[in-house]
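Observations on chain architecture
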Amino acid sequence: MSPKIGIPRALLYYYYYPLWRTFFEELGAEVIVSSPSTKEVLARGLEKAVDEICLPVKIAYGHVLDLAGKADFIFLPRIVSVRRREYICPKFLGFPDIIRRIGGLPPLLDVNINLYRDKKDSFRSAVEVGRLFTGNPLKIWSAYRRAVKTNKKYFRLLQLGLMPEEALAVLEKKVGKKPPLVDENGTVALIGHPYILHDPYISMNITGRLRSMGAAVVTAEGLSGKTIRKYAARLPKKLFWTLGQRLIGAAYHYLENSTVKGMVHVAAFGCGLDSITGELIERRARAAGMPFLNITVDEHTGEAGIITRLEAFMDMAGWKAGGRAACSIR
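First, a word on scope: everything that follows refers to the structure included in this document. (Residues numbered from 1 in each chain as written. Predicted model: local features only at pLDDT ≥ 70, side-chain atom pairs only at ≥ 80, totals over all residues. Heavy atoms only, no water.)

1. Points about the sheet that holds strand β2 (residues 30–33)
Note: strands within a sheet are paired through backbone hydrogen bonds, in either parallel or antiparallel orientation. Inclusion rule: Whether two strands pair comes down to DSSP finding at least two bridges between them. Working definition: helices are DSSP H or I runs of at least four residues, strands are E runs of at least two. Numbering for both runs from the N terminus. The contact criterion used throughout is that any non-hydrogen atoms of two residues lie within 4.5 Å. Note on definitions: angles span 0 to 180 degrees between N-to-C directions of axes, and those axes are lines fitted to C-alpha atoms, for helices only across the stretch in contact.
A sheet is described by the order of its strands in space; here 4 strands give the open sequence β2-β1-β3-β5, paired in parallel fashion. Only two strands of the sheet have a single partner each, and these edge strands are β2 and β5 (108–109). In the sheet, strand β3 (residues 73–75) pairs with β5 via 2 bridges, with the strands oriented parallel. Directly across from phenylalanine 75, in β5, lies its bridge partner leucine 109. Contacts between helix α1 (residues 13–26) and the sheet are confined to β1 (4–7), β2, β3 and β5, with β2 contributing the most and set at about 155° to the helix.

See the structure below:
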């Protein structure tokens with residue numbers, strides 16, 4: 001019987017799930033993904049999580065707990081760095097260790113992924129995990145190569161304007177490719193981490209709501225790494241947090257895009273890095289005269305308030321298009 005590998009539908013799932021799934025399936029394992037986020041998933045996470053961490057990590061607890069009884073192993077890599085001389089959020093780094101204290105879970109596959117000094121560490125990590133399934137080095141190498149190729153295809157789909165779930169559906173051949181939404185009401189740049197924006201429960205389905213109001217939506221995932229780094233380099237000093245750099249680079253790029261009529265920044269309460277990057281983005285948006293909405297989410301955020309603020313923002317973006325002065329909403 002094939003071993004079942006559980007992957008939480010949280011955190012860097014929105015970047016690397018196609019890579020992880022392909023790698024394990026090529027090695028003969030069955031991949032199980034936790035259920036979509038719900039009030040119940042969050043409630044289970046809140047029971048175990050400490051108060052000081054942010055909402056995305058709290059709900060990640062719930063996704064890990066959701067896999068109990070469904071999988072033989074839970075894949076929870078200890079991600080230190082995904083790019084040379086840059087780091088990932090320290091809460092991600094420590095997540096496997098704080099999860100380990102919870103009883104009743106399947107064994108964790110918590111391999112270290114640290115590309116800070118050498119990008120070849122990615123393959124070394126794959127070998128470490130792959131040896132649990134096969135002693136054949138060639139099979140591990142083949143699985144790794146195919147997984148990397150699949151994830152590159154996934155990123156290309158995102159850069160065509162698809163959202164993660166739409167891109168995954170294309171990869172799984174559930175639907176064909178479709179062009180990004182274009183509407184006469186213009187484009188809104190939605191800036192935030194994918195584990196917030198693309199989790200419909202955490203974000204109150206903000207992408208769907210903006211689309212239903214007549215806007216096309218673009219995110220950082222729609223840009224190449226080269227473009228992101230080019231615009232992020234305008235900061236006086238390099239931001240060595242990879243995820244924060246993506247937000248800065250994307251925001252600065254979209255602020256110079258004439259088709260973008262407004263910008264929405266979504267951050268999690270309690271995220272120290274987002275409090276810095278959000279301020280930098282808002283200052284640049286004000287200087288550019290771009291209508292700007294800042295939304296901070298936590299476990300107490302209400303849906304009604306989000307809808308009201310989005311409606312006000314869309315009206316403001318319409319005024320900007322009509323030649324009136326722009327302002328920002330906090």
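2. A look at the pairing of strand β9 (residues 260–268)
In regular strands, side chains alternate between the two faces of the sheet. The condition is simple: Each residue gets one of three labels from its accessible area relative to the maximum for its type: buried under 20%, exposed over 50%, partly exposed in between, using a 1.4 Å probe on protein chains only. By convention a crossover is right-handed if, when the strands point away from the viewer, the path from the first strand over the helix to the second runs clockwise.
Counting buried positions along β9 gives 8 out of 9 residues, so the element sits mostly inside the fold. Relative to β9, strand β7 (residues 187–191) is paired through 5 bridges, and the arrangement is parallel. By the bridge assignment for β9, isoleucine 191 is matched with histidine 265. Pairing of β9 with strand β10 (residues 292–297), which is carried by 6 bridges, proceeds in the parallel orientation. Paired with methionine 263 across the two strands is phenylalanine 292, which belongs to β10. Between the parallel pair β9 and β10, the chain is carried across by helix α12 (residues 272–288), and the sense of this crossover is right-handed.

3. Remarks on the pattern of salt bridges
We count it as follows: Salt bridges are defined by distance alone: a side-chain nitrogen of Lys or Arg within 4 Å of a carboxyl oxygen of Asp or Glu.
Scanning all chains against the criterion turns up 15 salt bridges. Here aspartate 110 and arginine 78 are joined by a salt bridge, their closest N and O atoms 3.2 Å apart. One end of the pair, aspartate 110, is in the loop between β5 and β6 (112–114); the other, arginine 78, is in strand β4 (residues 78–81), with 32 residues separating them in the sequence. Of the two residues, aspartate 110 and arginine 78, neither departs from the other in class, the shared state being buried. Salt bridges sharing common partners tie together Arg78, Asp97, Arg100 and Asp110.

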